[in-house]
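Fold and contact review
Now for the letters of each chain:
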Amino acid sequence: MSETVARETAAHRIHPVTVAPSERQTEAIAQEEEHAAHNYHPLPVVVAEGQGAWVTDIDGRRYLDCLAAYSAVNFGHSNPVLLDAARAQLDRITLTSRAFHNDQLGPFVAELAQLAGKDMVLPMNTGAEAVESAIKVARAWGYRVKGVPDGAANIIVMAGNFHGRTTTIVSFSDDPDARDDFGPYTPGFRTVPYGDAAALAAAVDEDTVAVLVEPIQGEAGIVVPPPDFLPAVRALCDERRILFIADEIQSGLGRTGATFACDLAGVVPDLYLLGKALGGGIVPVSAVVGDRDVLGVLRPGEHGSTFGGNPLAAAVGRAVVALLATGEPQERAELLGRRLHAGLERLIGHGVLAVRGAGLWAGIDIDPDLATGREVCELLMERGVLAKDTHGSTIRLAPPIVVDPADLDWAVEQLEVVLLDLSGR
Ligand SMILES: *Cc1c(COP(=O)(O)O)cnc(C)c1O
């Protein structure tokens, strides 16, 4: 990078940590606390604008966004190409319902199917809906194609999974916060330890219709399975005629340095579940992507969504697919990911116990004797870096892929300073 660019970048990193929160910020937080259900515990920052990897709060403080809305903002805030696609579509038509065809859906599903190397796409809105849709497809496939007795289908899921928040999905979560008090639970799921191919093989039977796996577990703390695990899932599914469903809602679409995290393990699942970044950080767009012999089981009237496949979502989704089709975001995530991981590895033994991840995605286990993940995130926030803790002492870094390399280094430096301050306390 040229010196001029470096200096300009440095200028927008200036973060007035000394500025006390304004009354406007306090008021905005109080209003949310008072009237929004308390199903989140946000950091005390009120974001008002975003550009690339940076966001600005209502008092004008700037922060490097190292969460990127759980990878929904992989291509950066206010990405000009994606915004243009959305704006152009806003002026044409935004919603038709699937009662009629619209001129964006056909190209969107064709282009997304091509990106994934599959035949068909079932468009939905949120990630949880993609997961729910895949469960329905897998069960219907089991009864109609595999010949499983009616009502007997089972699906194998992984311990530590995160697939969303609906009643069926929390039924097979093992996180008490996600699950407790939300029963009765949907039956038909079996849990095996993540990464344990032998346990998986022992759990399947003739009524198993699918194995549902995150190729890298995001919410669990960016947990990467042993390298032979996903190939073993693929082999077992082939052998026992079971659908391999890869939940790539967070891991997919560039984050790991590949289009799909499954690519890194050299496996192709039967169904990809996509969401988050598919909507370019603009609208919720999700999809189940697979071949005709599986997705083709759905018949008219059996599944649907008022907003699924709407022309605005499809237009934004097309622009996202076009970005990924160049291979550039994946390449950048791979390159910057190596830089990020090299920086983080140096912190091991200095307040960090372990670092995991792939591409521009890192789970960092903080020494619990030093601080909780939440405390580290609060201190990072004061230094102009927004990150999110998960499971007590783990923090994750997943900045938009458009992040400037120097800004990325700077974020790691801020973490280093926070850990140094904590150990000197
Ligand atoms: C976020 C996420 C979901 C749920 O997506 P929503 O859009 O929040 O419903 C499902 N699976 C994984 C792996 C996720 O990270």
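Along each chain, residue indices are assigned from 1 in the same order as the chain's sequence is written. Owing to the predicted nature of the model, reporting of local features is limited to residues with pLDDT of at least 70; listing and counting of side-chain atom pairs is limited to 80 or more, with chain, interface and lining totals taken over all residues. To obtain the side-chain values, all non-hydrogen atoms of the structure were used and water was disregarded.

The following threshold applies: UniProt positions are given in the numbering used here, feature names are shortened, and annotations may be inferred rather than shown by experiment.
Taking an unreviewed UniProt entry as the reference, the chain is identified by name as ornithine aminotransferase belonging to Leifsonia sp. NPDC080035. Recorded in UniProt for the chain, the comment headed Cofactor (unreviewed entry) runs: "pyridoxal 5'-phosphate". Database annotation for the chain, UniProt heading Sequence similarities (unreviewed entry): "Belongs to the class-III pyridoxal-phosphate-dependent aminotransferase family."

1. Considering the side chain of Thr168
Inclusion rule: Secondary structure elements are taken from DSSP: a helix is a run of H or I of four residues or more, a strand is a run of E of two residues or more, and numbering for both begins at the N terminus. Polar contacts here mean pairs of N or O atoms no more than 3.5 Å apart (in protein, one a potential hydrogen donor and the other a potential acceptor; neighbouring residues in sequence count only if both atoms are side-chain atoms). Contacts: residue pairs with any heavy atoms within 4.5 Å of one another.
Take Thr168: it is sitting in helix 7 (residues 167-171). At 2.8 Å, the side chain of Thr168 and the side chain of Thr186 are in polar contact. In this structure, Thr168 is in contact with Glu132, Ile135, Thr186 and Phe189, ignoring residues within four places of it in sequence.

2. Re the site of the ligand
Test applied: One heavy atom suffices: a residue is near a molecule or strand as soon as one of its heavy atoms comes within 4 Å of it. Each accessible area is a Shrake-Rupley result for a 1.4 Å probe, and residues are judged covered by the shown protein chains and nothing else. Amino acids outside the nonpolar list (Ala, Val, Leu, Ile, Met, Phe, Trp, Tyr, Cys, Pro) and the charged list (Asp, Glu, Lys, Arg) are all regarded as polar, and Gly is one of them.
Taken together, Thr126, Gly127, Ala128, Phe162, His163, Gly164, Glu214, Asp247, Ile249, Gln250 and Lys276 are the residues near the ligand. In the model, an oxygen atom of the ligand is placed 2.8 Å from a nitrogen or oxygen of the Gly127 main chain. Taking Phe162, its main chain carries an N or O atom lying 3.4 Å from a nitrogen atom of the ligand. Burial of the ligand by the surrounding chains reaches 80%, relative to a free accessible area of 380 Å². Here the residues of the shell around the ligand sort into three nonpolar, five polar and three charged.

3. Description of the sheet that holds strand 7 (residues 208-213)
Put simply, the rule reads: For two strands to count as paired, DSSP must find a minimum of two bridges between them. Lines fitted to the C-alpha atoms define the axes, with helices restricted to the stretch that makes contact. Angles between their N-to-C directions range from 0 to 180 degrees.
The mixed open sheet is built from seven strands, whose spatial order is 4-10-9-8-7-5-6. Of all strands in the sheet, those with a lone pairing partner are strand 4 (120-124) and strand 6 (189-192), marking the two edges. Each neighbouring strand pair of the sheet contributes to a mean axis angle of 20°, computed without reference to strand direction. As defined by bridge partners, strand 4 adjoins strand 10 (residues 286-290) across five bridges and the pair is classed as antiparallel. The partner of Leu122 across the bridge, within strand 10, is Val288. Where helix 5 (residues 105-116) meets the sheet, its contacts fall on strand 4, strand 9 (271-274) and strand 10, and the angle it forms with strand 4 comes to roughly 120°. With respect to the sheet, helix 6 (residues 127-146) is in contact with strand 4, strand 5 (154-158), strand 6, strand 7, strand 8 (243-247), strand 9 and strand 10, its orientation differing from that of strand 7 by roughly 155°.

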